[in-house]
Amino acid sequence: MTLSRKSYNLPPRPVSPEEAARALIAPALGVPATHQEARAPAAPQTRREGTSPPRGCQTRGCECYLGAAGAAGPDSKRPAGKHTKTRKPTGTSTRVGDSSPEKTSASKNCGNNQSSYWLMKSEPQSRIEKGVDVKFSIEDLKAEPKQTACWDGVRNYQARNFLRAMKLEQKAFFYHSNCKEPGIAGLVKLQWLYSKIVKEAYPDHTQFEKNNPYYDPSSKEDNPKWSMVDVQFVRLMKRYITLTELKANHQAHKATGGPLKNMALFTHPRLSVQPLTPEEFEFILSLEEKEPS
């Protein structure tokens, strides 16, 4: 260990004429005044308040883009007369939906949220959760005023990020899950409501309602964790596309390189909101024109 002259209580070393002259002209020349300054590491730069942070991942929906779970805007209150889509909380083990960890295995792919097509799961059969029937089928959506409802109750971070990545007029398959024969029942899209355009994603009011199955005491109204979108019924499928049929095609396409080879329904089956590629969407649509294999 090297000790300074101070450690021995020695007087300061005399400054030579050359060093004194260097100290005078150094500021004008833009050079270090002493050899010690030349060797000293540069001080870390700090960002001035009000300036932009370094540009990183700019994918909407990705957790590194969202920061503190997406700060709420003026829509954090439940709209008057708004229909709540009642579904089972996504963290329970009996549901083929969302898993509870904040970062699922699908989080590694969160930079690929720029999809135009989606698959959204809901339960078509009655089941009571905390005194609330969580049933919501595509027939229920069709029966709603303007055939529109909010897609609430998502409690998985990656599925929430997919909701936040959705845009108006994008289409999604309505998938019946946790039932005798899971499968795709119809089509929905993000749409207008009450003569005004609703944000693609806005705070899910059920996270603040203590008697709701989706209540989350850790979420705050000034910084809500969870979002929802509004969906509108488009049409029923010409025939019900079952999970069994989709899985058979997925297995075949893994060997042949077909469009369903990497379908999230099988690679990330716990997610209740999933992106689809255009090829996956078009292939599934083509199945309704064919007899079940």
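Residues numbered from 1 in each chain as written. Predicted model: local features only at pLDDT ≥ 70, side-chain atom pairs only at ≥ 80, totals over all residues. Heavy atoms only, no water.

A. Representation of the overall build of the protein chain in the model. The number of helices and strands found in the protein chain is eight helices and nine strands. The buried share among the 293 residues of the protein chain stands at 44%. Taking all contacts inside the protein chain whose residues are at least 6 apart in sequence as the whole, residues at least 24 apart take part in 76%. By element, 55% of the accessible surface of the protein chain is carried by carbon and sulfur atoms, the whole surface being about 16,400 Å². (Helix = DSSP H or I, 4+ residues; strand = E, 2+ residues; numbered from the N terminus. Buried < 20%, exposed > 50% of the residue type's maximum accessible area, 1.4 Å probe, protein only. Contact = heavy atoms within 4.5 Å. Areas by Shrake-Rupley, 256 points an atom, 1.4 Å probe, with all protein chains shown as cover.)

B. Structural detail: the pattern of salt bridges. In the structure shown here, the tally under the stated rule is eight salt bridges. In this structure, the salt-bridge partner of Arg155 is Asp204, at a minimum N-O distance of 3.1 Å. Of this pair, Arg155 sits in the loop between strand E4 (148-151) and helix H5 (157-165) while Asp204 sits in the loop between strand E7 (202-203) and strand E8 (227-242), and the two are 49 residues apart along the sequence. Grouping residues by exposure puts Arg155 and Asp204 together as buried. Among the salt bridges present, the one from Glu288 reaches Arg235, with a minimum N-O distance of 2.8 Å. Placement of Glu288 in the segment after helix H8 (278-287) and of Arg235 in strand E8 is noted, with a sequence separation of 53 residues between them. (Salt bridge = Lys/Arg side-chain N within 4 Å of Asp/Glu carboxyl O.)

C. Expanded view of the packing of helix H6 (residues 243-256) against H8. Following both chains from N to C, one finds H6 and H8 inclined at 130°, their axes separated by 12 Å at the closest point. The angle between H6 and H8 places the two elements in the oblique class. Note that H6 runs across H8; the crossing there is right-handed. Contacts between H6 and H8 involve Glu245, Leu246, Asn249 and His253 from the former and Phe283, Ile284 and Leu287 from the latter. In terms of residue class, the contact of H6 with H8 is made up of four nonpolar, two polar and one charged. (Axes fitted to C-alpha atoms, helices over the stretch in contact; angles between N-to-C directions. Parallel < 35°, antiparallel > 145°, perpendicular 65-115°, else oblique. Left-handed = near helix turned anticlockwise from the far one by under 90°. Nonpolar A, V, L, I, M, F, W, Y, C, P; charged D, E, K, R; others polar.)

D. How the structure looks around the nonpolar core. Ranked by internal contacts, the top residues of the largest apolar core, which has 24 residues, are Met120, Leu141, Trp151, Met166, Val229, Val231 and Val273. Formed by 18 residues, the second largest nonpolar core is a distinct cluster that contains Met263, Phe281, Phe283 and Ile284. (Core = buried A, V, L, I, M, F, W, Y, C linked by side-chain atoms within 4.5 Å.)

E. Spotlight on the packing of aromatic side chains. Inspection of every chain in the model, using the stated rule, returns six aromatic pairs. Measuring from centroid to centroid gives 4.2 Å for Tyr117 and Phe281, while their planes differ by 25°, and the two rings are stacked. Of this pair, Tyr117 sits in strand E1 (residues 117-122) while Phe281 sits in helix H8, placing them 164 residues apart in sequence. Residue class for Tyr117 comes out partly exposed when judged on its relative accessible area of 22%. Judged by centre distance (5.4 Å) and plane angle (80°), the ring pair of Trp151 and Phe174 falls under edge-to-face. One end of the pair, Trp151, is in strand E4; the other, Phe174, is in strand E5 (residues 171-176), and 23 residues separate them in sequence. Summarising the burial analysis for this pair, Trp151 and Phe174 share the class buried. Taken together, Tyr117, Phe173 and Phe281 form an aromatic cluster joined through their ring pairs. (Phe/Tyr/Trp six-rings, centres within 6.5 Å; stacked < 30°, edge-to-face > 60°.)

F. Spotlight on unusual backbone geometry. One non-glycine residue, Lys146, adopts positive backbone phi at about 60°. Structurally, the position occupied by Lys146 is in the loop between helix H4 (138-143) and E4. Since its relative accessible area comes to 48%, Lys146 is described here as partly exposed.

G. Focus on the environment of Glu282. Its place among the elements puts Glu282 in helix H8. In the structure, Glu282 is positioned 23 residues away from Pro259 in sequence and 9.1 Å away in space, judged by C-alpha atoms.

H. A look at H8. Of the positions making up H8, those classed as buried are Glu280, Phe281, Phe283, Ile284, Leu285 and Leu287. Contacts from the buried residues of H8 go to E1, E5, strand E6 (183-190), E8, H6 and strand E9 (273-276).

I. Spatial organisation of the environment of Asp140. For Asp140, the position within the fold is in helix H4. Note: C-alpha distance between Asp140 and Pro124 (16 residues apart in sequence) is 8.6 Å. From its side chain, Asp140 meets the backbone nitrogen of Ser137 in a polar contact 2.8 Å long. (Polar contact = N/O pair within 3.5 Å; in protein donor to acceptor, adjacent residues only side chain to side chain.)

J. Structural context of H6. The first and last C-alpha atoms of H6 sit 20 Å apart over 14 residues, in line with the 20 Å expected at 1.5 Å per residue. Buried positions along H6 lie against E6, E8, helix H7 (264-267) and H8. Following H6 by one or two positions, Gly257 adopts a phi angle in the positive range, close to 80°. (Expected span 1.5 Å × (residues − 1).)

K. Spotlight on the confidence of the model for the protein chain. Across the protein chain, the average pLDDT comes to 72, with 58% of residues at or above 70. Residue range residues 99-111 is modelled with pLDDT below 50. Its contacts to residues more than four positions away, or to other chains, number 25 contacts. (pLDDT = per-residue confidence, 0-100.)

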